[in-house]
Amino acid sequence: MAKPQTGGVSVSSLKTNSRKLTGDPDDERHWVKMAGTRSHLRAAGFTDDDFHKPIITIACPYSNALPCNDKFRYLADIIMDEVEKRGGKGFVCHPPVVSDGETMGTYGMKYSLVSREWIADCVEIMHQAYSADAVIAVGGCDKTVPGVLMPVARLDAIATFVYGGARLPGENGLDTSNVKEAIGAYGAGLIDLEELHRIEKCSAAGSGTCSGMFTANTMASLAEALGMAVPGTAATPAVNEQNAVTATKEDECRQAVERLFELLGQKTSSRMIMTRKAFENALTVFYALGGSTNAVLHLLALAHEAQVDLTISDFNKIGERIPIITNLVPHGKYRMVKLGTVGGLPVVMKELLDNGLLYGDCLTVSGKTLAENLESVPLLGELGEQDVVFPVSAPVAPPCRHVLILQGSLAPQSAVVKLCGKHFEKPFIGPAVVFDEETEAYKSIMSSSIKPGDVIVIRYQGPKGSPGMPEMLSPGAALVGAGLGSSVALVTDGRFSGASRGIMVGHVTPEAQEGGPISVVRNGDKVKIDTAANELSLELEQTEIDRRLAKWKPKERRLRGLLAKYARLVSSSHTGATTY
């Protein structure tokens, strides 16, 4: 087997010469010291030649419990084979993966955002413990994309990213997010149980992530925009109509390995790619796509790991000049794979670059700059008739119609609202209907107790308060399904799914558990959401808010195990909800 061209990359402690020594006393001492390590590796199948090869950590969050990642063991085998062909040794790491869609509205949802930190830590453990040389990071379901990239940035590892891919749309373009809204429609008496069951059965076509511009597809796109994925890979489907991994996806795995070995030879590490300019590019693409609010948390966390100075205020600074130019669900009509049919993310980035909205000199895993990657990508006018990607000059929605960062007396630090291209002519002001538990809010919606004009406030759902900052898709989707999506607002210190739509304000900080003003909101208090002024406020005098806060006490909880550890360590969602 040909030896890889590693370009002088330092040899890890696991790969010592097992047959001959150089005569250097230090070399001999190290050879002797590592005999026990080699004996274990021999038992696992290593031969003498294997001790000279670069070790590649294959970070691949696999489980057969969810369609997003259930093909990942197969992808890991393809990557492993390609690593071997190129003269390396692949060490597979299967971190945990939590399905947001399956745990939504249940106790298990508390573990979703928590899993992002544990995925990152698991990858770091495996990569560092086995003295590996580089990482192939594979992501699919929401938290797995940032989860596998965070340790790459943390360790400044040589790495490439592979996206498992979105699923094909279900019957009549449905997806699992439609089931959540159908539940609300059933609660409002708009559909019967038979129709709800029909939607449940036909909404998911097979393996792959949720098919809209929800969190998984948002983060896969941002990984490509950051320069960490092979160009053009974010919008290809996970499987074909027979639910088998496509030849295109298999080839993308091999391309990622090829690029990884080139990066090894060039000694190009992740922080050379994940720069401040690259993060600004990712933010620009985020707004152009109309991506998920979860990207706020994940980009802040990734920047933290990469030691890039990115703050939540940067979202408004960039967002105020970037229109939505893709016609994708939930703000548009098409699913992610449709973007792939017109050229994928490179077409979007080409339009942004040609309008001076991207930094073209950023390095990418292709070994080329972003501008060089896009040289051969066709212009929008060369694509023929299509209504998936729009020009910057005539966008789907103008700037300031997507994600806004709010502040005010209810959110002294920040809050996040997603407009999905909408525009509010005047502030939304309504009486608060307050809940300390998501389940109680959901019951109230399903029992038709919520009226147009209300502002539902669900608190103690933040990173520390829940703990775990669960998504509020169940009550939010129930509102939409009940026909209240445009007449009832939902405000929470929890977060939302990328599938969420309506008047949804999340990530309120400080959160209730830390004594933020949201902790003292009472039923009937007027809440004001002013998107023109980027304001979220209580229609109360500050002296009254302060008087209530002076009497407030933290909510008593009995936490044990992982959630207790997380609650002690996690930072505010204002800074990305990281744990160190």
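Higher on the page you've got the structure.
Everything quoted here is computed from the prediction, not taken from an experiment.

A. Quick peek at the sheet that holds strand β1 (residues 55-59). Pairing is parallel in the open sheet, where four strands are placed in the order β2-β1-β3-β4. The sheet is open, and its two edges are formed by β2 (89-93) and β4 (159-163), each paired on a single side. Strand-to-strand, the axes of this sheet are offset by a mean angle of 20°, without reference to chain direction. Both β1 and strand β3 (residues 134-139) contribute to a ladder of four bridges, which runs parallel. Its bridge partner being in β3, Thr57 is matched across the sheet by Val135.

B. Geometry of the nonpolar core. Phe161, Met228 and Phe279 are the most contacted members of the largest nonpolar core, which has 103 residues in total. Considering each element in turn, this core owes the most residues, nine residues, to helix α12 (residues 276-289). Ignoring any residue separated from it by four or fewer positions in sequence, one finds Met228 in contact with Leu149, Val152, Ala159, Thr160, Phe161, Ala223, Ser270, Ile273, Met274 and Val365. Listed in part, the 28 residues of the second largest apolar core include Ala432, Ala512, Val520 and Val521.

C. Structural context of unusual backbone geometry. Cis geometry marks the peptide bond from Ser466 to Pro467, where omega comes out at -15°. Turning to its location among the elements, Pro467 is positioned in the loop between β8 (455-458) and α19 (473-481). Pro510 follows Thr509 through a cis peptide bond whose omega is -5°. The backbone phi angle of Ser131 is positive, close to 50°, even though this residue is not glycine. The topology assignment puts Ser131 in the loop between α5 (111-129) and β3. Positive phi is not limited to glycine here, since Gln307 has a value of about 60°. We classify Gln307 as exposed; its relative accessible area is 65%.

Cut-offs and rules
Residues numbered from 1 in each chain as written. Predicted model: local features only at pLDDT ≥ 70, side-chain atom pairs only at ≥ 80, totals over all residues. Heavy atoms only, no water. Pairing = 2+ DSSP bridges. Helix = DSSP H or I, 4+ residues; strand = E, 2+ residues; numbered from the N terminus. Axes fitted to C-alpha atoms, helices over the stretch in contact; angles between N-to-C directions. Core = buried A, V, L, I, M, F, W, Y, C linked by side-chain atoms within 4.5 Å. Buried < 20%, exposed > 50% of the residue type's maximum accessible area, 1.4 Å probe, protein only. Contact = heavy atoms within 4.5 Å.

None of this, on its own, says anything about what the molecule does.
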